[in-house]
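Residues per chain, in single letters:
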Amino acid sequence: MRSPGGGEVCGKDIAEGELVEMDRTGKQIPDTGFGEDDSHASQAPGFTPAFSHGEGHQKGNYRVAVIGGDGIGPEVVNAALEVVDACGVKLDTYAYDLGAAHYLATGEVLPDEVLEELRSFDAIMLGAVGPPVGSTDVPDGLLERGLLLRLRFDLDLYVNLRPFIGTPGSLAEGYDMIVVRENTEGPYAGEGGWLRKGTVHEVATQGSVNTRFGVERCVRAAFDMALRRGDGKDTKSPKVTLVHKTNVLTYAGDLWKRTFEQVAADYPQVERNYSHVDAACIYLVEDPGRFDVIVTDNLFGDILTDLAGALFGGIGVAASANLNLARTGPSLFEPVHGAAHDIAGTGRANPVAAIRSAAMMLDYLGEEEAATRINDAVSEYLADLVGNGSSVSVSANDKPATTQPATIADTTREIAGRVKSQSQ
Ligand code: IPM
Ligand code: MN
């Protein structure tokens, strides 16, 4: 049997009536205790808290697969690697040629052997994949579903973490928040199909898949994240806001809301809130300080994070981490932006999103200090940039906080230089 993401759902016989816990890759996972009683310890077994590191965690010698991809992807990933190098963390990198150009040259999207190889890495860095906007050479959805979503689903990257820090000069200057986007279910799961395709009576359905297991582990990750963010912050209490559309999507919304309430009971120190997704868009624009951690479904998370990107300084500075928090395989780190073919090779790509994504990778690998150094260097650089009236962009249409172009090379050199001087 194939899952919507293309993975084997189950390779072993299960006695009738027996419930077996397994991850999306078909691997059996430790019992979470869910189903037997509702009183989870604040950390249910099987749910690794965000960014905790297993026993025997060793620093250094990280093997990282690098998928530069298309358009500005390879440029921004190289910039990120340069900055990681400047902070002294050694990575053994292995380049994988995948994406639109690779597909057009070879007909390959993501061969099974490559996917299997990728499982053996400590982490994966991805630039961006996709053909130029408007190009018809690659069928719609082929790379999205066959490459990016296949990686997210088959590697069980069940949380997409997207932090936002208000860039100086942006509408959200002075604010920060993080979106915990469910990353393996919802309308992205690929449930649906056509009837009578191509006729006047054509029917197309596209379902939204929401499992109690998938929703719970995502919501739990959001509360863990709120606690982690709360550490060392004395200004406001940690808060998680569920964003959904429970007034219309009454089945899925109800599952999300009940799960949210039940998980929240394990985190009495975390404030909780709820917003409908349409209202959340207004609040984000009018009052970006209202949110701390947002937890939401896959599609709402996709849309909200583009909006948040634009508000917090431009999509060129928005980072993301696709996390397998159970650590049954590597996690994947990528900027939120796309391939931006319109500025590829012009030197105008903004490497900040990729650099911040690399910092998330280091943090996740246990190199918190290096991650902090990179993030601090980026923040300082962005603040100075506004002072100088210059900036970098991610596409011709992007409206960053400031207007004079800086080059990718300058930006990378600046940030790497700051990282180096901090370490001396
Ligand atoms: C993102 C992107 C992807 C998504 C696309 C490329 C499949 O927009 O990472 O936000 O929709 O998740
Ligand atoms: Mn998106």
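Position numbers for residues start from 1 in each chain and track the written sequence from start to end. The lettering of chains begins at A and the numbering of ligands begins at 1, in the order of writing. Confidence filtering applies because this is a predicted model: local features only for residues at pLDDT of at least 70, side-chain atom pairs given and counted only at 80 or more, and all residues used for totals across whole chains, interfaces and linings.

> Would you take a moment to explain the overall build of the protein for this structure?
Tallying secondary structure elements over the protein gives 11 helices and 14 strands in all. Partly exposed residues are those falling between the two cut-offs: more than 12 but fewer than 20 other C-beta atoms within 10 Å of their own, whereas 20 or more means buried and 12 or fewer means exposed, with C-beta atoms placed from the backbone. When the 424 residues of the protein are sorted by exposure, 47% land in the buried category. Any two residues are considered in contact once their C-beta atoms, placed from the backbone, lie within 7 Å. Restricting the contact set of the protein to residue pairs at least 6 apart, pairs at least 24 apart contribute 73%. Numbered from the N terminus, helices here are DSSP runs of H or I no shorter than four residues, and strands are runs of E no shorter than two.

> How should the site of ligand 1 be read in this particular structure?
For each residue, a C-beta position is placed from the backbone atoms; the residue is near a molecule or strand when that point lies within 6 Å of it. In the vicinity of ligand 1, the residues found are E144, L148, D302 and V336. Its residues placed into classes, the shell around ligand 1 shows 2 nonpolar, no polar and 2 charged. Charged means Asp, Glu, Lys or Arg here, nonpolar means Ala, Val, Leu, Ile, Met, Phe, Trp, Tyr, Cys or Pro, and polar covers whatever is left, Gly included.

> Before we go on, may I ask you to explain the packing of helix 7 (residues 277–286) against helix 8 (residues 298–311) in this structure?
The relative placement of two packed helices comes down to the angle between their axes together with the axis-to-axis distance. Here an axis means a line fitted to C-alpha atoms, over the contact stretch when the element is a helix, while the angle between two N-to-C directions is reported on a 0 to 180 degree scale. Relative to each other, helix 7 and helix 8 sit at 10°, their axes nearing to 10 Å. By the criterion of interaxial angle, the relationship of helix 7 to helix 8 is roughly parallel. Between helix 7, through V277, A280, C281, L284 and V285, and helix 8, the contact on the second element is made entirely by F300, L304, L307, A308 and L311. Tallied by class, residues from the contact of helix 7 with helix 8 come to 10 nonpolar, no polar and no charged. Oblique is the label for every angle not falling under 35 degrees (roughly parallel), over 145 degrees (roughly antiparallel), or within 65 to 115 degrees (roughly perpendicular).

> I keep staring at unusual backbone geometry and nothing clicks. Help me out?
With the exception of glycine, the majority of residues adopt a negative phi angle, and the majority of peptide bonds are in the trans configuration. Phi is positive for D156, which is not a glycine, with a value near 55°. Note that D156 resides in the loop between helix 4 (142–154) and strand 4 (159–165). Take D156: there are 26 C-beta atoms within 10 Å of it, and that puts it in the buried class. Phi is positive for R196, close to 50°, though the residue is something other than glycine. By the secondary structure assignment, R196 is in the loop between strand 6 (192–195) and strand 7 (203–206).

> Explanation requested: the sheet that holds strand 8 (residues 239–244) in the structure shown.
In sheet architecture, strand pairing relies on hydrogen bonds along the backbone and comes in two forms, parallel and antiparallel. Sheet architecture is open: 10 strands sit in the order 2-1-3-12-11-4-5-10-8-9, paired in mixed fashion. With one partner strand each, in any of the chains shown, strand 2 (91–95) and strand 9 (271–276) form the two edges of the open sheet. Strand-to-strand twist in this sheet, taken as the mean axis angle between neighbours without regard to direction, amounts to 20°. Sheet topology places strand 3 (residues 123–128) next to strand 12 (residues 331–335); 3 bridges connect them, and they run parallel. The partner of M125 across the bridge, within strand 12, is F333. Relative to strand 3, helix 1 (residues 73–86) is tilted by about 135°, and along the sheet it contacts strand 1 (62–69), strand 2, strand 3 and strand 12. Running over the sheet, helix 8 touches strand 4, strand 5 (176–182), strand 8 and strand 10 (293–296) and is turned about 155° from strand 5. The rule for pairing is simple: two strands pair if DSSP sees at least two bridges between them.

> Looking at this structure, I do not really get the packing of helix 1 against helix 9 (residues 352–365). What am I missing?
Relative orientation of the contacting elements helix 1 and helix 9 amounts to 50°, with a least axis distance of 8 Å. Taken together, the axis directions place helix 1 and helix 9 in an arrangement best described as oblique. Between helix 1 and helix 9 lies a crossing of right-handed hand. Of helix 9, the residues touching helix 1 (which contributes V76, V77, A79, A80, V83 and V84) are A354, I355, S357, A358 and L362. Split by residue class, the contact of helix 1 with helix 9 holds 10 nonpolar, 1 polar and no charged. Handedness of each helix crossing follows the sense of rotation of the near helix against the far helix: counterclockwise by less than a right angle gives left-handed, clockwise gives right-handed.

> Help me understand the nonpolar core in this model?
Within the largest apolar cluster, 113 residues are counted, with the highest numbers of intra-cluster contacts made by A80, V83, M125, V180, A222, I355 and A358. The element contributing the most residues to this core is helix 9, with 11 residues. Once residues lying within four places of it in the same chain are set aside, the contact partners of I355 are A79, A80, V83, I374, V378 and I415. In this usage, the nonpolar core is the set of buried Ala, Val, Leu, Ile, Met, Phe, Trp, Tyr and Cys residues whose C-beta atoms join them within 7 Å.

> For this particular structure, what's the right way to read the environment of G166?
Its location among the elements puts G166 in the loop between strand 4 and strand 5. Along the chain, G166 and D176 lie 10 residues apart, while their C-alpha atoms are 5.9 Å from each other. For G166, the residues in contact, after removing those within four places along its chain, are A172, E173, G174, Y175, D176, P288, F312 and G313.

> I keep staring at the environment of K59 and nothing clicks. Help me out?
In this structure, K59 sits in the segment before strand 1. Classification of K59 as exposed rests on a count of 12 C-beta atoms within 10 Å. The sequence separation of K59 and V89 amounts to 30 residues, and the corresponding C-alpha distance is 9.2 Å. Beyond its immediate sequence surroundings of up to four residues, K59 is in contact with G366 and E367.

> Looking at this structure, I do not really get helix 7. What am I missing?
In an α-helix, one full turn covers 3.6 residues, which means residues spaced three or four apart are oriented alike. Within helix 7 the residues assigned to the buried category are V277, A280 and L284. Down the axis of helix 7, the smallest arc covering the buried residues is 40°, so these residues share one side. Opposite its buried face, helix 7 presents the exposed residues D278, A279, I282 and E286, each directed more than 90 degrees away. Throughout, the arc means the angular range of directions from the helix axis out to the C-beta atoms.

> What should I look at first to understand the confidence of the model for the protein in this one?
Any segment with low pLDDT has predicted coordinates that should not be analysed in fine detail. Note: pLDDT gives the predictor's confidence per residue, expressed from 0 to 100. The share of residues in the protein with pLDDT of 70 or more is 80%, and the mean pLDDT across the chain is 86. A low-confidence stretch, residues 1–20 (pLDDT under 50), is modelled with 28 contacts involving residues beyond four sequence positions or located in other chains. Within the model, pLDDT remains below 50 along residues 28–50, and this stretch shows 38 contacts once partners closer than five positions in the same chain are excluded.

> Help me understand helix 9, please; the structure alone is not making it clear to me.
The span one expects for a helix is its residue count, reduced by one, times 1.5 Å. Between its terminal C-alpha atoms helix 9 stretches 20 Å, which fits the 20 Å expected from 14 residues at 1.5 Å a residue. Among the 14 residues of helix 9, 13 are classified as buried, and the element is accordingly described as predominantly covered. Of the residues trailing helix 9, G366 is marked for its positive phi of about 105°.

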